[in-house]
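Commentary on secondary and tertiary structure
Residues per chain are reported as follows:
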Amino acid sequence: MRSYTLLAPAKINLYLEIVGDRPDGYHELVMVMQSIALCDQVEVRANGTEAIRLFCDHPLVPTDPTNLAYRAAELMRQAFPEAFGRYGGVDIILQKHIPVGAGLAGGSGNAAAVLVGLDLLWKLGLTQDEVQDLGAQIGSDVPFCISGGTALATGRGEKIDSMPTLKSFPVVLAKYRPLSVATAWAYKAYRQQFHDSYLCTPEDLECRRQQLHSGPMMAAIAQGDIHQVAQHLHNDLEKVVLPAYPTVAHLRQHFQEAGCLGAMMSGSGPTVFGIAASPTEATAIAHHLTEAIANPELDVWVTHAIGKGVHLAEPSPSETAFHSTHR
Ligand code: C5P
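Figured I'd write up the structure that's included with this text. (Residues numbered from 1 in each chain as written. Predicted model: local features only at pLDDT ≥ 70, side-chain atom pairs only at ≥ 80, totals over all residues. Heavy atoms only, no water.)

1. Focus on the site of the ligand
Taken together, Tyr26, His27, Leu29, Gly139, Ser140, Arg156, Thr183, Ala184 and Tyr187 make up the full set of residues adjacent to the ligand. Measuring from an oxygen atom of the ligand, one finds a side-chain N or O atom of serine 140 at 2.5 Å. Surface burial for the ligand is 75%, taken as the share of its 450 Å² of free accessible area covered by protein chains. Elements with a contribution of two residues or more to the shell around the ligand: strand S2 (27-46) and helix H6 (183-194). Tallying contributions element by element places H6 first for the shell around the ligand, with three residues. (Near = heavy atom within 4 Å. Polar contact = N/O pair within 3.5 Å; in protein donor to acceptor, adjacent residues only side chain to side chain. Areas by Shrake-Rupley, 256 points an atom, 1.4 Å probe, with all protein chains shown as cover. Helix = DSSP H or I, 4+ residues; strand = E, 2+ residues; numbered from the N terminus.)

Written out as C-alpha coordinates, the structure is:
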(Lines give C-alpha, C1' and ligand atoms only; values in the text may rest on other atoms or scores of the structure.)
Protein backbone atom coordinates (compact mmCIF):
# COMPACT_ATOMS: atom_id res chain seq x y z
CA MET A 1 0.00 0.00 0.00
CA ARG A 2 1.48 3.38 -1.03
CA SER A 3 -0.95 5.59 0.85
CA TYR A 4 -3.16 5.60 3.92
CA THR A 5 -6.05 7.92 4.72
CA LEU A 6 -6.76 8.49 8.38
CA LEU A 7 -9.33 10.40 10.39
CA ALA A 8 -8.05 12.46 13.31
CA PRO A 9 -10.84 13.32 15.79
CA ALA A 10 -10.99 16.58 17.71
CA LYS A 11 -10.98 16.47 21.52
CA ILE A 12 -12.81 18.36 24.21
CA ASN A 13 -11.69 18.64 27.85
CA LEU A 14 -14.37 17.48 30.24
CA TYR A 15 -12.01 18.43 33.08
CA LEU A 16 -8.83 20.48 33.15
CA GLU A 17 -7.14 21.31 36.43
CA ILE A 18 -3.75 23.00 36.67
CA VAL A 19 -2.12 21.60 39.78
CA GLY A 20 1.40 23.02 39.69
CA ASP A 21 4.62 23.88 37.91
CA ARG A 22 7.01 21.41 36.36
CA PRO A 23 10.80 21.58 36.15
CA ASP A 24 10.52 21.56 32.33
CA GLY A 25 8.58 24.86 32.39
CA TYR A 26 5.25 23.23 31.61
CA HIS A 27 2.32 22.81 34.00
CA GLU A 28 1.39 19.70 35.90
CA LEU A 29 -2.19 18.89 34.85
CA VAL A 30 -5.04 16.55 35.60
CA MET A 31 -7.41 16.36 32.64
CA VAL A 32 -10.25 14.22 31.37
CA MET A 33 -10.19 14.22 27.59
CA GLN A 34 -12.95 13.07 25.23
CA SER A 35 -12.76 12.43 21.47
CA ILE A 36 -15.58 13.76 19.33
CA ALA A 37 -16.68 12.85 15.79
CA LEU A 38 -15.53 16.12 14.22
CA CYS A 39 -12.45 14.89 12.33
CA ASP A 40 -9.69 16.13 10.04
CA GLN A 41 -8.71 13.83 7.20
CA VAL A 42 -4.99 13.11 6.86
CA GLU A 43 -3.54 11.19 3.92
CA VAL A 44 0.09 10.02 3.96
CA ARG A 45 1.39 8.98 0.57
CA ALA A 46 4.81 7.79 -0.60
CA ASN A 47 5.93 10.43 -3.12
CA GLY A 48 8.98 8.76 -4.72
CA THR A 49 11.26 11.65 -3.73
CA GLU A 50 13.58 12.31 -0.78
CA ALA A 51 11.33 15.05 0.59
CA ILE A 52 8.55 15.53 3.11
CA ARG A 53 5.86 17.73 1.56
CA LEU A 54 2.69 19.00 3.16
CA PHE A 55 -0.44 20.16 1.35
CA CYS A 56 -3.38 21.95 2.95
CA ASP A 57 -5.76 24.44 1.43
CA HIS A 58 -6.76 26.06 4.75
CA PRO A 59 -5.44 29.65 4.77
CA LEU A 60 -4.43 29.54 8.47
CA VAL A 61 -2.50 26.26 8.31
CA PRO A 62 1.24 26.57 7.56
CA THR A 63 2.63 23.97 5.16
CA ASP A 64 6.24 24.49 6.25
CA PRO A 65 8.25 22.60 8.92
CA THR A 66 6.47 24.53 11.72
CA ASN A 67 3.32 22.47 11.11
CA LEU A 68 3.01 19.73 13.77
CA ALA A 69 2.11 17.19 11.07
CA TYR A 70 5.32 18.03 9.22
CA ARG A 71 7.28 17.79 12.50
CA ALA A 72 5.77 14.34 13.08
CA ALA A 73 7.07 13.16 9.69
CA GLU A 74 10.47 14.71 10.37
CA LEU A 75 10.62 12.94 13.74
CA MET A 76 9.77 9.61 12.06
CA ARG A 77 12.47 10.23 9.44
CA GLN A 78 15.04 10.77 12.23
CA ALA A 79 13.82 7.87 14.38
CA PHE A 80 13.64 5.38 11.47
CA PRO A 81 16.28 6.39 8.91
CA GLU A 82 16.37 2.89 7.38
CA ALA A 83 12.63 2.89 6.69
CA PHE A 84 12.88 6.39 5.24
CA GLY A 85 15.75 5.19 3.03
CA ARG A 86 13.71 2.17 1.87
CA TYR A 87 10.33 3.85 1.32
CA GLY A 88 11.43 7.40 0.47
CA GLY A 89 9.70 10.72 1.04
CA VAL A 90 6.09 11.32 1.87
CA ASP A 91 3.29 13.69 0.93
CA ILE A 92 0.92 14.68 3.74
CA ILE A 93 -2.46 15.92 2.51
CA LEU A 94 -4.56 17.62 5.19
CA GLN A 95 -8.26 18.25 4.83
CA LYS A 96 -9.20 20.49 7.74
CA HIS A 97 -12.64 20.32 9.29
CA ILE A 98 -11.56 21.06 12.87
CA PRO A 99 -11.17 24.82 13.41
CA VAL A 100 -7.59 26.08 13.88
CA GLY A 101 -6.32 27.56 17.19
CA ALA A 102 -9.57 26.46 18.78
CA GLY A 103 -8.66 24.36 21.84
CA LEU A 104 -9.77 21.18 20.06
CA ALA A 105 -6.29 19.68 19.43
CA GLY A 106 -6.69 19.85 15.65
CA GLY A 107 -2.94 20.30 15.00
CA SER A 108 -2.02 17.62 17.57
CA GLY A 109 -4.47 15.21 15.93
CA ASN A 110 -2.91 15.83 12.52
CA ALA A 111 0.53 14.99 13.96
CA ALA A 112 -0.91 11.88 15.62
CA ALA A 113 -2.35 10.73 12.27
CA VAL A 114 1.01 11.20 10.53
CA LEU A 115 2.76 9.04 13.17
CA VAL A 116 0.14 6.30 12.84
CA GLY A 117 0.11 6.61 9.02
CA LEU A 118 3.90 6.34 8.68
CA ASP A 119 3.98 3.38 11.06
CA LEU A 120 1.61 1.67 8.59
CA LEU A 121 3.25 2.96 5.40
CA TRP A 122 6.73 1.96 6.55
CA LYS A 123 5.50 -1.35 8.05
CA LEU A 124 7.20 -0.60 11.36
CA GLY A 125 4.76 -2.52 13.57
CA LEU A 126 5.12 -0.09 16.49
CA THR A 127 2.99 -0.58 19.59
CA GLN A 128 0.52 2.15 20.57
CA ASP A 129 2.78 3.01 23.55
CA GLU A 130 5.75 3.46 21.21
CA VAL A 131 3.79 5.74 18.88
CA GLN A 132 2.54 7.72 21.90
CA ASP A 133 6.11 8.15 23.22
CA LEU A 134 7.06 9.66 19.86
CA GLY A 135 3.91 11.81 19.95
CA ALA A 136 4.84 13.25 23.36
CA GLN A 137 7.97 14.74 21.74
CA ILE A 138 5.74 16.79 19.43
CA GLY A 139 3.05 18.09 21.78
CA SER A 140 1.35 17.33 25.08
CA ASP A 141 -2.00 16.41 23.46
CA VAL A 142 -0.58 14.13 20.74
CA PRO A 143 -0.52 10.89 22.83
CA PHE A 144 -4.21 11.30 23.70
CA CYS A 145 -5.10 11.99 20.05
CA ILE A 146 -3.58 8.60 19.13
CA SER A 147 -5.62 6.49 21.56
CA GLY A 148 -8.68 8.77 21.97
CA GLY A 149 -11.98 7.84 23.58
CA THR A 150 -12.37 8.94 27.20
CA ALA A 151 -9.08 9.20 29.08
CA LEU A 152 -7.35 10.63 32.10
CA ALA A 153 -4.32 12.71 31.11
CA THR A 154 -1.72 13.68 33.71
CA GLY A 155 1.86 15.00 33.75
CA ARG A 156 1.93 17.78 31.17
CA GLY A 157 -1.01 16.00 29.53
CA GLU A 158 1.02 13.30 27.81
CA LYS A 159 0.51 10.48 30.36
CA ILE A 160 -2.65 8.71 29.30
CA ASP A 161 -4.73 6.28 31.35
CA SER A 162 -7.75 5.02 29.53
CA MET A 163 -11.05 5.21 31.42
CA PRO A 164 -14.37 3.46 30.87
CA THR A 165 -15.36 4.90 27.50
CA LEU A 166 -18.53 6.94 27.85
CA LYS A 167 -21.46 5.92 25.71
CA SER A 168 -21.77 8.38 22.84
CA PHE A 169 -23.45 11.64 23.86
CA PRO A 170 -24.41 14.67 21.77
CA VAL A 171 -22.09 17.67 21.80
CA VAL A 172 -22.64 21.17 20.40
CA LEU A 173 -19.58 23.30 19.62
CA ALA A 174 -19.39 26.98 18.79
CA LYS A 175 -16.52 29.24 17.86
CA TYR A 176 -16.13 32.73 16.44
CA ARG A 177 -14.26 32.18 13.15
CA PRO A 178 -11.74 35.07 13.46
CA LEU A 179 -10.87 34.27 17.08
CA SER A 180 -8.02 32.02 18.20
CA VAL A 181 -6.19 31.70 21.52
CA ALA A 182 -2.50 30.81 21.81
CA THR A 183 -2.17 27.96 24.32
CA ALA A 184 1.22 29.25 25.54
CA TRP A 185 -0.35 32.66 26.30
CA ALA A 186 -3.22 31.09 28.29
CA TYR A 187 -0.87 29.05 30.50
CA LYS A 188 1.47 32.01 30.98
CA ALA A 189 -1.42 34.27 32.00
CA TYR A 190 -2.61 31.58 34.42
CA ARG A 191 0.83 31.27 35.98
CA GLN A 192 1.07 35.06 36.44
CA GLN A 193 -2.26 35.18 38.24
CA PHE A 194 -2.47 31.91 40.15
CA HIS A 195 1.09 30.86 40.83
CA ASP A 196 0.61 31.29 44.59
CA SER A 197 -1.96 28.48 44.62
CA TYR A 198 0.30 25.96 42.82
CA LEU A 199 1.16 22.77 44.67
CA CYS A 200 4.90 22.36 44.97
CA THR A 201 5.97 19.15 46.65
CA PRO A 202 5.66 15.74 44.95
CA GLU A 203 3.62 14.58 47.98
CA ASP A 204 1.08 17.42 47.57
CA LEU A 205 0.81 16.78 43.83
CA GLU A 206 0.25 13.06 44.39
CA CYS A 207 -2.32 13.79 47.10
CA ARG A 208 -4.28 16.08 44.73
CA ARG A 209 -4.18 13.45 41.95
CA GLN A 210 -5.58 10.88 44.40
CA GLN A 211 -8.35 13.28 45.47
CA LEU A 212 -9.34 13.80 41.85
CA HIS A 213 -9.30 10.05 41.24
CA SER A 214 -11.99 9.59 43.86
CA GLY A 215 -13.79 12.84 42.97
CA PRO A 216 -17.25 13.35 41.43
CA MET A 217 -16.10 13.59 37.78
CA MET A 218 -14.34 10.22 37.92
CA ALA A 219 -17.34 8.69 39.68
CA ALA A 220 -19.70 10.07 37.01
CA ILE A 221 -17.55 8.56 34.26
CA ALA A 222 -17.24 5.23 36.05
CA GLN A 223 -21.04 5.12 36.29
CA GLY A 224 -21.49 6.30 32.68
CA ASP A 225 -23.76 9.05 34.02
CA ILE A 226 -23.60 11.81 31.42
CA HIS A 227 -25.89 14.12 33.42
CA GLN A 228 -23.40 14.01 36.30
CA VAL A 229 -20.45 14.42 33.90
CA ALA A 230 -22.13 17.57 32.55
CA GLN A 231 -22.63 18.87 36.11
CA HIS A 232 -18.93 18.53 36.93
CA LEU A 233 -17.30 20.03 33.84
CA HIS A 234 -14.31 22.13 34.88
CA ASN A 235 -11.57 24.10 33.13
CA ASP A 236 -9.09 26.26 35.08
CA LEU A 237 -8.05 28.09 31.90
CA GLU A 238 -11.49 29.71 31.78
CA LYS A 239 -10.29 31.90 34.67
CA VAL A 240 -7.88 33.75 32.38
CA VAL A 241 -9.40 33.28 28.90
CA LEU A 242 -12.99 34.36 29.67
CA PRO A 243 -12.04 37.75 31.20
CA ALA A 244 -9.68 38.43 28.28
CA TYR A 245 -12.28 37.41 25.67
CA PRO A 246 -15.70 38.67 26.81
CA THR A 247 -17.35 37.37 23.61
CA VAL A 248 -16.35 33.84 24.65
CA ALA A 249 -17.77 34.39 28.15
CA HIS A 250 -20.96 35.65 26.53
CA LEU A 251 -21.10 32.64 24.21
CA ARG A 252 -20.72 30.29 27.19
CA GLN A 253 -23.61 32.09 28.90
CA HIS A 254 -25.76 31.53 25.81
CA PHE A 255 -24.97 27.80 25.90
CA GLN A 256 -26.27 27.62 29.46
CA GLU A 257 -29.44 29.52 28.57
CA ALA A 258 -30.00 27.27 25.55
CA GLY A 259 -30.71 24.26 27.77
CA CYS A 260 -27.45 22.30 27.76
CA LEU A 261 -26.83 19.76 30.52
CA GLY A 262 -23.51 21.58 30.97
CA ALA A 263 -21.25 23.92 29.00
CA MET A 264 -17.54 24.73 29.17
CA MET A 265 -14.66 26.15 27.17
CA SER A 266 -12.45 23.43 25.66
CA GLY A 267 -8.70 23.51 26.43
CA SER A 268 -7.30 27.03 26.05
CA GLY A 269 -10.35 28.00 23.98
CA PRO A 270 -11.92 29.85 22.38
CA THR A 271 -14.29 27.01 21.40
CA VAL A 272 -17.18 26.47 23.82
CA PHE A 273 -18.95 23.12 23.95
CA GLY A 274 -22.22 22.01 25.46
CA ILE A 275 -23.49 18.55 26.30
CA ALA A 276 -27.05 17.93 25.18
CA ALA A 277 -29.61 15.46 26.51
CA SER A 278 -30.40 14.05 23.03
CA PRO A 279 -29.49 14.60 19.37
CA THR A 280 -32.79 16.50 18.90
CA GLU A 281 -31.92 18.74 21.85
CA ALA A 282 -28.45 19.30 20.37
CA THR A 283 -29.94 20.52 17.09
CA ALA A 284 -32.38 22.77 18.99
CA ILE A 285 -29.48 24.24 21.03
CA ALA A 286 -27.49 24.88 17.84
CA HIS A 287 -30.47 26.73 16.31
CA HIS A 288 -31.01 28.68 19.52
CA LEU A 289 -27.36 29.83 19.56
CA THR A 290 -27.41 30.80 15.91
CA GLU A 291 -30.58 32.83 16.32
CA ALA A 292 -29.82 34.37 19.73
CA ILE A 293 -26.30 35.47 18.79
CA ALA A 294 -27.07 36.24 15.12
CA ASN A 295 -23.43 36.80 14.20
CA PRO A 296 -22.37 35.48 10.78
CA GLU A 297 -18.87 34.89 12.19
CA LEU A 298 -20.13 32.28 14.65
CA ASP A 299 -19.67 28.66 13.52
CA VAL A 300 -21.77 26.02 15.25
CA TRP A 301 -21.35 22.24 14.99
CA VAL A 302 -23.55 19.40 16.17
CA THR A 303 -21.46 16.32 16.82
CA HIS A 304 -21.07 13.52 19.39
CA ALA A 305 -18.54 11.77 21.60
CA ILE A 306 -16.69 8.81 20.08
CA GLY A 307 -14.65 6.04 21.65
CA LYS A 308 -11.55 6.16 19.47
CA GLY A 309 -8.64 8.32 18.42
CA VAL A 310 -6.85 8.31 15.06
CA HIS A 311 -8.28 5.61 12.81
CA LEU A 312 -8.33 4.57 9.18
CA ALA A 313 -10.99 6.32 7.12
CA GLU A 314 -13.82 4.10 6.01
CA PRO A 315 -16.19 5.44 3.43
CA SER A 316 -19.27 4.76 5.58
CA PRO A 317 -22.08 7.35 5.82
CA SER A 318 -21.83 7.49 9.63
CA GLU A 319 -18.23 8.67 9.41
CA THR A 320 -18.67 11.12 6.58
CA ALA A 321 -21.82 12.87 7.81
CA PHE A 322 -20.24 13.78 11.11
CA HIS A 323 -21.00 17.44 11.46
CA SER A 324 -23.22 20.22 10.33
CA THR A 325 -22.47 23.93 10.44
CA HIS A 326 -25.33 26.32 11.07
CA ARG A 327 -24.79 29.87 9.98
O1 C5P B 1 2.58 20.82 24.50
P2 C5P B 1 2.12 21.91 23.61
O3 C5P B 1 3.18 22.32 22.61
O4 C5P B 1 0.81 21.70 22.98
O5 C5P B 1 1.92 23.17 24.57
C6 C5P B 1 1.80 24.48 24.08
C7 C5P B 1 2.22 25.45 25.18
O8 C5P B 1 1.29 25.42 26.26
C9 C5P B 1 3.56 25.14 25.81
O10 C5P B 1 4.60 25.76 25.11
C11 C5P B 1 3.41 25.71 27.20
O12 C5P B 1 3.67 27.09 27.17
C13 C5P B 1 1.94 25.52 27.51
N14 C5P B 1 1.67 24.29 28.29
C15 C5P B 1 1.96 24.29 29.66
N16 C5P B 1 1.72 23.14 30.38
C17 C5P B 1 1.21 22.05 29.80
C18 C5P B 1 0.90 22.04 28.42
C19 C5P B 1 1.15 23.19 27.71
O20 C5P B 1 2.42 25.29 30.22
N21 C5P B 1 0.99 20.97 30.53
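2. Points about the pairing of S2
By the criterion of burial, S2 is predominantly enclosed, with 18 of the 20 residues buried. Relative to S2, strand S1 (residues 3-21) runs antiparallel, the two sharing 16 bridges. The partner of leucine 6 across the bridge, within S2, is valine 42. Across six bridges, S2 lies against strand S4 (residues 90-95) in antiparallel orientation. When the sheet's bridge partners are listed, alanine 46 is paired in S4 with valine 90. (Buried < 20%, exposed > 50% of the residue type's maximum accessible area, 1.4 Å probe, protein only. Pairing = 2+ DSSP bridges.)

3. Observations regarding the state of the cysteines
Scanning all chains against the criterion turns up zero disulfides. Sulfur of cysteine 39: no disulfide; nearest cysteine sulfur belongs to cysteine 145 and is 11 Å away. Of all cysteine sulfurs, the one in cysteine 39 lies closest to cysteine 56, which takes part in no disulfide; the gap is 15 Å. Residue classification places cysteine 56 among the buried positions, given a relative accessible area of 16%. (Disulfide = S-S within 2.5 Å.)

4. Description of the pairing of S4
On a regular strand, one side chain projects to one face of the sheet and the next to the other, so that they alternate. Here strand S3 (residues 52-56) runs beside S4; their pairing, made up of five bridges, is parallel. By the bridge assignment for S4, arginine 53 is matched with aspartate 91.

5. Let's talk about the pattern of salt bridges
One pass over the full model with this rule turns up 13 salt bridges. Measuring nitrogen to oxygen at the nearest pair gives 3.0 Å for the salt bridge that ties arginine 209 to glutamate 28. Separated by 181 residues along the polypeptide, arginine 209 in helix H7 (residues 202-213) and glutamate 28 in strand S2 bring together distant segments of the chain. (Salt bridge = Lys/Arg side-chain N within 4 Å of Asp/Glu carboxyl O.)

6. Some points on the packing of helix H3 (residues 106-121) against helix H4 (residues 128-136)
Between two packed helices, what matters for the description is the angle formed by their axes and the separation of those axes. The interhelical angle for the contact between H3 and H4, taken along N-to-C directions, is 135 degrees, at an axis separation of 10 Å. It follows from the interaxial angle that H3 and H4 lie oblique. With respect to the hand of their crossing, H3 and H4 are arranged in right-handed fashion. Contacts between H3 and H4 involve Leu115, Val116 and Asp119 from the first element and Val131, Leu134 and Gly135 from the second. Taken together, the residues that form the contact of H3 with H4 break down as four nonpolar, one polar and one charged. (Axes fitted to C-alpha atoms, helices over the stretch in contact; angles between N-to-C directions. Parallel < 35°, antiparallel > 145°, perpendicular 65-115°, else oblique. Left-handed = near helix turned anticlockwise from the far one by under 90°. Contact = heavy atoms within 4.5 Å. Nonpolar A, V, L, I, M, F, W, Y, C, P; charged D, E, K, R; others polar.)

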